[in-house]
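Chain residues, written in single-letter form:
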Amino acid sequence: MLGYIFLGIAFGLMLQDAGYHFMWAFAISVVVYAGSMQFVMVTLLSGGASLFYTAIMTLFINGRHIFYGFSFIEKYRSMGKVYPYMVFSLTDETYSVLCRTKVPPEMNEKKVMFLISFFNQCYWIAGSVIGGLAGQLITFDSTGIDFSMTALFVAIVVEQWRESKSHIPATAGFLMSLLFLFVFGADRFILPSLLMSVIILIAARKHLDGKEAQMQDASCIRTEE
């Protein structure tokens, strides 16, 4: 809640500073709800970017959400009517929370997942409106406020690094990001690095599964002997 409230405030302030009423902050957060893309959208709106260019930028910036969906596709399909909303509301922070959360046996896992996703969007909307309203009442230089999104990502990575038993996914993502940042530049490295990271992790998973199967077969042979 605290992360989304303050990020939403940052977005609302930027949008208001660009000359848009706070109701635009509310509408965009309800309909778009794309986190980092919303910050970029402020620049696109101010510069009069075309719909085609906006769509391409959205794909490059938020295309990573496609990869997030692979982890929950089966669970989301089984959630019935809320399935479309769960797909729509899967953001970076929501994905991180859903991955970490261990739902107690006595609770309904599907309901918990839905409420986490729903309340996260509510926090973002509330923050956006607060920021938009505050921007109309308080005048100050908002330069650098968009770094709040980067700061949250860093905090999430550090927390996951501490809690994870295996650092292979984080290391693979970091190395691939550096590689493709050097090859394609800052504007185009995200999707290629994500794609290559997924390929590496899938290959590593298959290799480990193969080793486990061999160990189980060897164990069965010894047991039979």
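Residues numbered from 1 in each chain as written. Predicted model: local features only at pLDDT ≥ 70, side-chain atom pairs only at ≥ 80, totals over all residues. Heavy atoms only, no water.

Structural notes on the overall build of the chain
From N to C terminus, the chain includes eleven helices and zero strands. Put simply, the chain runs from its N terminus to its C terminus through helices and strands in the order α-α-α-α-α-α-α-α-α-α-α. Out of the 225 residues belonging to the chain, those deemed buried represent 32%. Considering only contacts in the chain between residues 6 or more positions apart, those separated by 24 or more positions represent 73%. Surface accessibility of the chain: about 14200 Å² in total, with carbon and sulfur atoms responsible for 68%. (Helix = DSSP H or I, 4+ residues; strand = E, 2+ residues; numbered from the N terminus. Buried < 20%, exposed > 50% of the residue type's maximum accessible area, 1.4 Å probe, protein only. Contact = heavy atoms within 4.5 Å. Areas by Shrake-Rupley, 256 points an atom, 1.4 Å probe, with all protein chains shown as cover.)

Examining the packing of helix α1 (residues 2-17) against helix α2 (residues 22-31)
Contact pair α1 / α2: the axes reach a minimum separation of 9 Å and the direction vectors enclose 130 degrees. As summarised for this structure, α1 and α2 are arranged oblique, according to the angle between their axes. Where α1 crosses over α2, the handedness of that crossing is right-handed. Of the residues in α2, those touching α1 at F11, G12 and L15 are W24, A25, I28 and S29. A class-by-class count of the residues in the contact of α1 with α2 yields five nonpolar, two polar and no charged. (Axes fitted to C-alpha atoms, helices over the stretch in contact; angles between N-to-C directions. Parallel < 35°, antiparallel > 145°, perpendicular 65-115°, else oblique. Left-handed = near helix turned anticlockwise from the far one by under 90°. Nonpolar A, V, L, I, M, F, W, Y, C, P; charged D, E, K, R; others polar.)

Points about the UniProt feature "transmembrane region" (unreviewed entry) in the chain
Annotation from UniProt places "transmembrane region" (unreviewed entry) at residues 112-138 and 190-208. Between the first and last C-alpha atoms of residues 112-138 the distance is 38 Å; the span itself is 96% helix and 0% strand. (UniProt positions renumbered as here; feature names shortened; annotations may be inferred.)

Thoughts on helix α5 (residues 64-77)
In this model, α5 (14 residues) spans 20 Å end to end at C-alpha, consistent with the 20 Å of a helix rising 1.5 Å per residue. Where α5 is concerned, the buried positions are R64, H65, F67, Y68, G69, F72 and Y76. (Expected span 1.5 Å × (residues − 1).)

Things to note about the side chain of T91
The topology assignment puts T91 in the loop between α6 (83-88) and α7 (92-100). Discounting residues that sit within four places of it in the chain, T91 has contacts with Y4, Y33, H65 and Y68.

Regarding the packing of α7 against helix α8 (residues 109-137)
Packing of α7 against α8 brings their axes to within 10 Å, and their N-to-C directions diverge by 150 degrees. Put simply, α7 runs roughly antiparallel to α8. In this structure, α7 meets α8 at a crossing whose hand is right-handed. Across the interface between the two elements, T94, V97 and L98 from α7 touch M113, I116, S117 and N120 from α8. Class assignment of the residues belonging to the contact of α7 with α8 gives a composition of four nonpolar, three polar and no charged.

Focus: the confidence of the model for the chain
In low-pLDDT regions, the fine details of the predicted coordinates are not to be read closely. When pLDDT is averaged along the chain, the result is 82, and 88% of the positions lie at 70 or above. The lowest-confidence element of the chain is helix α11 (residues 190-224), averaging 68 in pLDDT; the highest-confidence one is α6, averaging 93. (pLDDT = per-residue confidence, 0-100.)

Remarks on helix α3 (residues 36-47)
For α3, spanning twelve residues, the distance from its first C-alpha to its last is 17 Å, which sits close to the expected 16 Å at 1.5 Å a residue. Taken together, the buried positions of α3 are occupied by S36, M37, Q38, F39, M41, V42 and L44.

As for the nonpolar core
If you look at the biggest cluster of nonpolar residues, it comprises 13 residues, and the most contacted ones within it are F11, L15, I28, F39, V42 and W124. Of all elements in the fold, only α1, α2 and α3 reach the threshold of two or more residues within this core. The greatest single-element share of this core, amounting to six residues, is contributed by α1. Listed in part, the eleven residues of the second largest apolar core include F72, M79, M86 and M113. (Core = buried A, V, L, I, M, F, W, Y, C linked by side-chain atoms within 4.5 Å.)

Looking at a nonpolar patch on the surface
A contiguous nonpolar surface patch, about 600 Å² in accessible area, is contributed by F52, I56, L59, F60, I66 and F70. Considering each element in turn, the nonpolar patch owes the most residues, four residues, to helix α4 (residues 51-62). Structurally, the position occupied by F52 is in helix α4. (Patch = residues over 30% accessible without salt bridge, like charges linked within 9 Å, V, L, I, M, F, W, Y side chains within 5 Å. Salt bridge = Lys/Arg side-chain N within 4 Å of Asp/Glu carboxyl O.)

Examining unusual backbone geometry
At Y33, a position not held by glycine, the phi torsion is positive, near 45 degrees. Following the sequence through the fold, Y33 ends up in the loop between α2 and α3.

Here's the deal with the environment of W124
Mapped onto the secondary structure, W124 falls in helix α8. In this structure W124 comes out as buried when scored by relative accessible area, which is 0%. Separated by 95 residues in the primary sequence, W124 and S29 have C-alpha atoms spaced 6.9 Å apart.

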